[in-house]
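Here is what each chain is made of, one letter per residue.
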2 protein chains.
Amino acid sequence: MSALPLDPSEHRSGALLDHLARRMRLRAESVLAPLGLRPRHLVALTVLRAGGGTSQQALASTLEMDSTNIVGLLNDLEAKDLVERRRSPQDRRRHVVELTEDGAKRLKEAECALAGAEDEVFGALEPAERETLYELLRRAATTTPISCGEALIEEPDAC
Amino acid sequence: MSALPLDPSEHRSGALLDHLARRMRLRAESVLAPLGLRPRHLVALTVLRAGGGTSQQALASTLEMDSTNIVGLLNDLEAKDLVERRRSPQDRRRHVVELTEDGAKRLKEAECALAGAEDEVFGALEPAERETLYELLRRAATTTPISCGEALIEEPDAC
DNA sequence: ATAAATAGTTGGCGCTACACAGACGATCCT
DNA sequence: AGGATCGTCTGTGTAGCGCCAACTATTTAT
């Protein structure tokens, strides 16, 4: 298992990711509608659960969204008491955004409700494989991109 | 490997998938722009490469897009000679859509160009893990959802 | 042979997501 | 005091995309 002729040169996951995300999102939309949530809310809640209390601009950076649009997103979530905005004691300009208990519960409910949708999309994978997939995605998601200096150093562009 | 205490009950990949797909798409857009492509074109080309010659409505079903929008998508690709529409000899109403040589080449170029973007998004994963991820995504993507009767039979909704 | 169904195309309408820009209050840092 | 920063609000523009309707070419069913 050492000198595999592995040539991952063209094994780009981007398009597949896009494709599957779309499939999931389509299903998620209808499943989540009765819960008053949208896919994008789920993403925010998930990030919030993983990251704990973060400022809004940190959230904007993680979500890679414009901060002005984060406002509306959080307004939605706060109106439903799924999220709480508290002023930071250190810097009172900042809002520390945090998941409420209700938010965590609702997130869990939503995830539960999504089981069927995932069964459809990931039907080809066995439970253990899905778990592997989840783990890989989770790890990739919980690291801020570009943060390491890698991208700055090398840019070979030679495939 | 039987009675693992694995509890994947709340390990839903949907949100992570969405999140990472967004990150990739944002980067892909700028990387692909010089090639005259957009993320959605990449998805279509990828599906086409995997699936061989398919009718447009089959493509619409795979991509889970409205068939009227498939037309424009294919117009783009055909205008660039990346894709070919031929009438099916069996059923002359149908268009058999197929990747051209140029299309396959361009797709490969695009994938090559996306290497940097993936390095940013999947920086947390080692090459072998990325390969695993790719393989899981590929398998999940190359099976039509709902096609099996699974989803029709069971709908427990009890988590 | 005639009717009905199907594949693709075109055009238009409308909604949603989002980026972007401008202006504002509150607050921090010099 | 003055400038930078965080969050908020509002408005504008654009892109993706679903959906409806009409039309042609073709197949299939009666």
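Here's what I pulled together on the structure shown here. (Residues numbered from 1 in each chain as written. Chains lettered and ligands numbered in written order. Predicted model: local features only at pLDDT ≥ 70, side-chain atom pairs only at ≥ 80, totals over all residues. Heavy atoms only, no water.)

1. Quick look at the protein's contact with DNA strand D
The environment of DNA strand D is made up of 21 residues, and the closest members are Arg22, Gln56 and Gln57 of chain A together with Arg38 and Arg40 of chain B. Atoms of DNA strand D within 4 Å of the protein: sugar and phosphate make up 76%, bases the balance. A distance of 3.1 Å separates a phosphate oxygen of DNA strand D from a polar atom in the side chain of asparagine 69 of chain B. In this structure, arginine 92 of chain B approaches DNA strand D through a side-chain N or O atom, which is 3.2 Å from a phosphate oxygen. Every element with two or more residues in the surface near DNA strand D is listed here: α3 (56-63) and α4 (67-79) of chain A together with α4 (67-79) of chain B. If you tally residues by element for the surface near DNA strand D, the top one is α4 of chain A, at three residues. (Near = heavy atom within 4 Å. Polar contact = N/O pair within 3.5 Å; in protein donor to acceptor, adjacent residues only side chain to side chain. Helix = DSSP H or I, 4+ residues; strand = E, 2+ residues; numbered from the N terminus.)

2. Some points on the protein's contact with DNA strand C
Around DNA strand C, 21 residues are found, and the nearest of them are Arg40 of chain A together with Arg22, Gln56, Gln57 and Arg85 of chain B. The protein-proximal atoms of DNA strand C, defined as those within 4 Å of the protein, are 74% sugar or phosphate. Arginine 92 of chain A has a polar backbone atom sitting 2.9 Å from a phosphate oxygen of DNA strand C. One nitrogen or oxygen atom from the side chain of asparagine 75 of chain B is found 3.5 Å from a phosphate oxygen belonging to DNA strand C. Elements supplying a minimum of two residues to the surface near DNA strand C: α4 of chain A together with α3 (56-63) and α4 of chain B. Broken down by element, the residue count for the surface near DNA strand C peaks at three residues, all from α4 of chain B.

3. Some thoughts on the sheet that holds strand β3 (residues 95-99) of chain B
Residue and element names in this part refer to chain B. An order of β1-β3-β2 is seen for the three strands of this open sheet, with the pairing classed as antiparallel. Only two strands of the sheet have a single neighbouring strand rather than two, namely β1 (54-55) and β2 (83-87). Of the strands in this sheet, β1, β2 and β3 are in contact with helix α2 (residues 39-51), which crosses β3 at around 100 degrees. (Pairing = 2+ DSSP bridges. Contact = heavy atoms within 4.5 Å. Axes fitted to C-alpha atoms, helices over the stretch in contact; angles between N-to-C directions.)

4. Remarks on the environment of leucine 17 of chain B
Within the secondary structure layout, leucine 17 of chain B lies in helix α1 (residues 14-32). Residue contacts for leucine 17 of chain B: discarding those within four places in its chain leaves Leu17, Leu20, Ala21, Met24, Phe122 and Leu137 of chain A together with Leu137 of chain B.

5. A few points about the packing of α3 of chain A against α4 of chain A
Residues and elements named next belong to chain A. Interaxial distance between α3 and α4 falls to 9 Å at its minimum, and their mutual angle equals 105 degrees. As summarised for this structure, α3 and α4 are arranged roughly perpendicular, according to the angle between their axes. Across from Gln56, Leu59, Ala60 and Leu63 in α3, the residues of α4 making contact are Ser67, Ile70, Val71, Leu73 and Leu74. For the contact of α3 with α4, the per-class residue count stands at seven nonpolar, two polar and no charged. (Parallel < 35°, antiparallel > 145°, perpendicular 65-115°, else oblique. Nonpolar A, V, L, I, M, F, W, Y, C, P; charged D, E, K, R; others polar.)

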